[in-house]
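The chain contents come next:
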Amino acid sequence: MKPHPLVHQELSYDPHFGIYNRRLRSLEYGNVRSEDLYWRLRRQVGLAHTGELATEIRGPDAEAMLNRVFTRDVSRVRVGRCSYQLACFADGGMIMDGVLLRLASDRFWYAQGDGEFPVWLRAHSEGFDVEVFDPDVWISQVQGPHSMDVLAQASDEGMPEHFRYFDLAHIRIGGQPVVISRTGFTNELGWEFYFGPDADADVIGERILKAGEPHGIHTIPAAATNARRIEAGLLFSGTDFDDSVTPFTAGLGAFVDLDKADFIGMAALAQADKRRRTWGLQCAGGVARHGDTLFLDDEPAGRVCSSAWSPCLQRGVAIARLNDPKSGPGTELRVECVDGLARAGEVCELPMYDRAGEIPRGKCTDIPAVPARE
């Protein structure tokens, strides 16, 4: 259990921790309401120290080896760009999803969620001229409408030129080497920063907080980002999908390229049911309980994988996997909620708003209003 090098920035808020990739990740704060921090993320800027794990893949055969593992064509990822990538077992069941960063023609980082995926990468490196190892990199993210203002002030040379959505850049913050990417797990405007043992974490963290002070920056735990990522339809590995779920079932079929060179699971996915069964769910007045808590005409209808209260939508939101692939948005279900009551819920599209993804691309700059409390 390793704490993030910048965990001291959170300690005054009485953080409660969980274990993620054998790293400590703050789940919620004891003396700051998660709803207040949700709005800090939506309206100002938040700083999250994550437990995401980066694995380095380096060598002449790095691209070929990754093309064997991932479902999308890695050769299309240019140096200086990132790509969302999935990996599957031979039967088509999902193992992991994450962001692949191409640092050089023969060097990549794969930033993943919780799981033992580095072992899978190492196992499949046999026969390739490639190294797969832990670069001892830590990942944090700065997200929210003012995140780019913070970057411009924190970076020694200001905003990188042409820093587009899913770009990466090498910069210095307080003289320290940092890799940044226009990515995040909130679907807000934002960037992530990666630093290793060659950088002074305290210098980087202090510089970012200082740059963020005029914009109301605050560290944020997982509870403050969970509702936002559910609203956005961002799936959580091991929770919203597992090895029994194909990318098509998970609603991620667009990230499977059956025309590329052979990859692990390709034959099974070519024959798999292409129908989607993972959708959003909204429930007025309550939060859906995890598990097989969805019913249609008193018959089991599906599973709630993730759920939270949405301060923006003023209702419970969830990621749900339905039993019947013919069900979909608009289907009305009975939902068992965390308070023990059953309520009416409705299946919905994902993301639940900003369907064109204009917020993270910086094309929509409207600041959402906080709904009046009843």
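Throughout this description, residue numbers start from 1 for each chain and increase along the sequence as written. With pLDDT at 70 or above as the cut-off, local features in this predicted model cover only qualifying residues; side-chain atom pairs require 80 or more to be listed or tallied, and sums for whole chains, interfaces and linings still use all residues. The basis for every side-chain value is the complete set of non-hydrogen atoms in the structure, without hydrogens or water.

## Here's the deal with the packing of aromatic side chains
Applicable threshold: Geometry of aromatic contacts follows a simple scheme: Phe, Tyr and Trp rings, the Trp one being its six-membered ring, pair when their centres are within 6.5 Å, and the pair is stacked under 30 degrees between planes, edge-to-face over 60, tilted otherwise. Counted as over-ring charges are cases with an Arg CZ or a Lys NZ within 6 Å of the ring centre that also lie within 35 degrees of the ring normal.
Under the defined criterion, the tally for this structure stands at 13 aromatic pairs. One aromatic cluster is present, formed by Tyr20, Phe185 and Phe236 through successive ring pairs. Looking at Lys274, its charged tip hangs above the ring of Phe248, at a distance of 5.2 Å from the centre. The residue whose ring lies beneath Arg276 is Trp279, and the NZ or CZ to ring-centre distance is 4.2 Å.

## Re the side chain of Thr331
Note the following rule: Runs of E in the DSSP output that reach at least two residues are strands. Runs of H or I that reach at least four are helices, and both are numbered from the N terminus. Working definition: with a 1.4 Å probe on protein chains only, accessible area under 20% of the residue-type maximum means buried, over 50% means exposed, and in between means partly exposed. Here a polar contact means two N or O atoms within 3.5 Å. Within protein one must be a hydrogen donor candidate and the other an acceptor candidate, and residues neighboring in sequence count only if both atoms are side-chain atoms. Note on contacts: a residue pair is in contact if any heavy atoms of the two residues lie within 4.5 Å.
As for its placement among the helices and strands, Thr331 is situated in the loop between strand S17 (315-322) and strand S18 (332-336). Taking the relative accessible area as the measure of exposure, Thr331 reaches 17% and is therefore buried. Looking at Thr331, its side chain comes within polar contact range of the main-chain oxygen of Gly328, at 2.7 Å. Beyond its immediate sequence surroundings of up to four residues, Thr331 is in contact with Gly345, Glu346 and Val347.

## A word on the sheet that holds strand S12 (residues 190-195)
What counts is decided by this rule: Here, a strand pair is defined by DSSP locating no fewer than two bridges between the strands. Axes, fitted as lines to C-alpha atoms, cover a helix only where it is in contact. Angles between the N-to-C directions of the axes lie from 0 to 180 degrees.
Spatial strand order, S10-S11-S12-S9-S3-S13: six strands in an open sheet with mixed pairing. Pairing within the sheet leaves two strands with one partner each, and these edge strands are strand S10 (168-173) and strand S13 (218-219). Direction of pairing for strand S11 (residues 176-181) relative to S12: antiparallel, over a ladder of three bridges. The residue of S12 that forms the bridge with Val179 is Tyr194. Across the face of the sheet, helix H5 (residues 201-212) comes into contact with strand S3 (46-49), strand S9 (138-143), S10, S11 and S12 while running at roughly 160° to S12.

## Some points on the nonpolar core
As a rule of thumb, soluble globular proteins bury nonpolar side chains together. Note the following rule: Take the buried residues of types Ala, Val, Leu, Ile, Met, Phe, Trp, Tyr and Cys, join any two whose side-chain atoms come within 4.5 Å, and each joined set is a nonpolar core.
Judged by nonpolar contacts, the single largest core of 39 residues is most densely connected at Met94, Leu101, Trp109, Tyr194, Leu252 and Met352. Where this core is concerned, the elements lending two or more residues are helix H1 (34-43), strand S5 (82-88), strand S6 (94-104), strand S7 (107-112), helix H6 (222-232), helix H7 (266-271) and S17. Discounting chain neighbours no more than four positions away, the residues touching Leu252 are Tyr84, Leu86, Met94, Leu235 and Pro247. Core analysis: the second largest hydrophobic core is formed by 25 residues, Val142, Ile171, Trp191 and Ala201 among them.

## A closer look at helix H2 (residues 62-69)
All of the buried residues along H2 are Ala62, Met65, Leu66, Asn67 and Val69. The inward-facing, buried residues of H2 contact strand S4 (53-58), S5, S6, S7, helix H3 (117-123) and strand S8 (131-133).

Everything listed here is a matter of geometry and, on its own, says nothing about what the molecule does.
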